[in-house]
Amino acid sequence: MLDTLTFLLEKLFLLAHIKLSSLLPPLGVECAEPPPTTKRCDREDSPPQPDSASHRFQRGDLLEVPRTLFTHFGIYLGDDRVAHLIPDILPALTADSRQIQEMVTNTRLLLGVIAKRASVRVDSVEDFAYGAGILLNAMDRSVRKSPLAGEEVALRAERLVGTVTYSLLWNNCEHFVTYCRYGTAQSLQTDKFCEWLKLLIRDQRNAMLTALLGLLSMAYMGISLSTTLPAFLIPFTLWMAS
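Per chain, residue numbering runs from 1 following the sequence as it is written. With the structure being a predicted model, the display of local features is reserved for residues of pLDDT at least 70 and the display and counting of side-chain atom pairs for 80 or more, all residues being used for whole-chain, interface and lining totals. Note that water and hydrogens are dropped before the side-chain values are worked out from all heavy atoms of the structure.

Caption draft 1: Fine view of the sheet that holds strand 4 (residues 117-124). Within the open sheet, the six strands sit side by side as 5-1-2-3-4-6. Their pairing is antiparallel. The open sheet has two edge strands with one neighbour each: strand 5 (135-136) and strand 6 (162-165). Note that strand 3 (residues 81-87) and strand 4 share seven bridges and pair antiparallel. Residue pairing in the sheet places Val82 in a bridge with Asp123 of strand 4. Two strands make a pair as long as DSSP finds a minimum of two bridges between them. By definition, any uninterrupted DSSP run of H or I lasting at least four residues is a helix, any uninterrupted run of E lasting at least two residues is a strand, and each is numbered from the N terminus.

Take a look at the structure:
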């Protein structure tokens with residue numbers, strides 16, 4: 001059952017330009033080599049910093065770890081510590097800080113996504129990056145607001161350490177760092193997905209295609225409430241929203 005849920009969520013996250021398995025290595029398997037990284041077109045002039053360069057980071061810096069299909073974010077607190085938000089079910093099940101501080105497994109992450117629970121935790125730069133290159137304050141060129149003072153950014157992050165509510169679209173790791181650094185929570189990745197979803201809904205051909213699929217399902221499985229209602233309700237909703 002858990003494997004099935006993992007598969008379905010990975011497909012959903014792929015549509016949202018987010019890949020669940022990219023955040024953490026598989027259970028019981030160590031990463032043999034650093035995960036591939038990608039750069040946004042407007043950030044190519046900011047090469048990733050190697051993990052060993054953590055002494056170059058300043059308290060309050062925004063760190064980005066580009067993955068294949070998404071970017072993970074954190075706030076540097078100094079002394080090789082990074083605060084970042086990650087889905088995690090364990091803080092909702094136990095108060096044992098030693099267990100919670102252990103590496104978040106895929107199972108913990110998956111159950112955290114389903115239960116909409118997460119934690120703002122503090123890890124080393126190495127654990128945060130998982131061998132990938134780190135972009136330093138690259139979002140400063142994409143966000144219109146000027147960053148707050150480094151000490152204020154770090155204090156905001158430290159105040160939020162602990163269990164929080166998680167939402168893939170409305171409260172993820174990018175919302176956390178933008179609130180800390182710029183004073184307003186936002187997610188450029190979420191905005192892009194919502195724009196894509198808006199264009200998808202506005203395309204009237206999708207309503208027609210959905211109606212056709214509904215008719216085919218009725219013809220194959222027979223006319224019943226479970227087939228007739230979705231066959232008419234879903235295309236009607238898409239048509240009215242287009």
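The rest of the description comes next.
Caption draft 2: Geometry of the pattern of salt bridges. Should a side-chain nitrogen of Lys or Arg be within 4 Å of a carboxyl oxygen of Asp or Glu, the pair is scored as a salt bridge. Taken as a whole and assessed by the stated rule, the structure comprises eight salt bridges. Among the ionic pairs, Arg181 bridges to Asp140, the shortest N-O distance being 2.9 Å. You can see Arg181 sitting in helix 7 (residues 173-182) and its partner Asp140 sitting in the loop between strand 5 and helix 6 (150-159), a full 41 residues away along the chain. Taking the relative accessible area as the measure of exposure, Asp140 reaches 26% and is therefore partly exposed. A salt bridge links Glu152 to Arg159, with the nearest nitrogen and oxygen atoms 3.7 Å apart. Each member of the salt-bridge network shares a partner with another, and the members are Arg59, Glu151 and Glu158. Buried residues are those whose accessible area, probed at 1.4 Å on protein chains only, stays under 20% of the maximum for their type, while exposed residues exceed 50% and partly exposed ones sit between those limits.

Caption draft 3: Structural detail: the side chain of Ser119. As for its placement among the helices and strands, Ser119 is situated in strand 4. Among residues more than four places away in sequence, those in contact with Ser119 are His84, Leu85, Ile86, Asp88, Pro91, Gly162, Thr163 and Val164. Only heavy atoms matter for contacts: two residues are in contact if any of them lie within 4.5 Å across the pair.

Caption draft 4: Representation of the nonpolar core. For the purposes of this section, nonpolar cores are sets of buried Ala, Val, Leu, Ile, Met, Phe, Trp, Tyr and Cys residues that join through side-chain atoms within 4.5 Å. Core analysis: the largest hydrophobic core is formed by 26 residues, its most contacted members being Leu62, Ile75, Leu85, Met139, Ala157 and Phe176. Residue assignment for this core shows that the elements contributing at least two residues are strand 2 (71-78), strand 3, helix 4 (106-115), strand 4, helix 6 and helix 7. By residue number, the principal contributor to this core is helix 7, which donates five residues. Every residue in contact with Leu62, bar those within four places of it in the chain, is listed here: Phe73, Gly74, Ile75, Leu135, Leu136, Asn137, Met139, Val177, Arg181 and Tyr182.

Any functional reading would require information that these geometric values do not contain.
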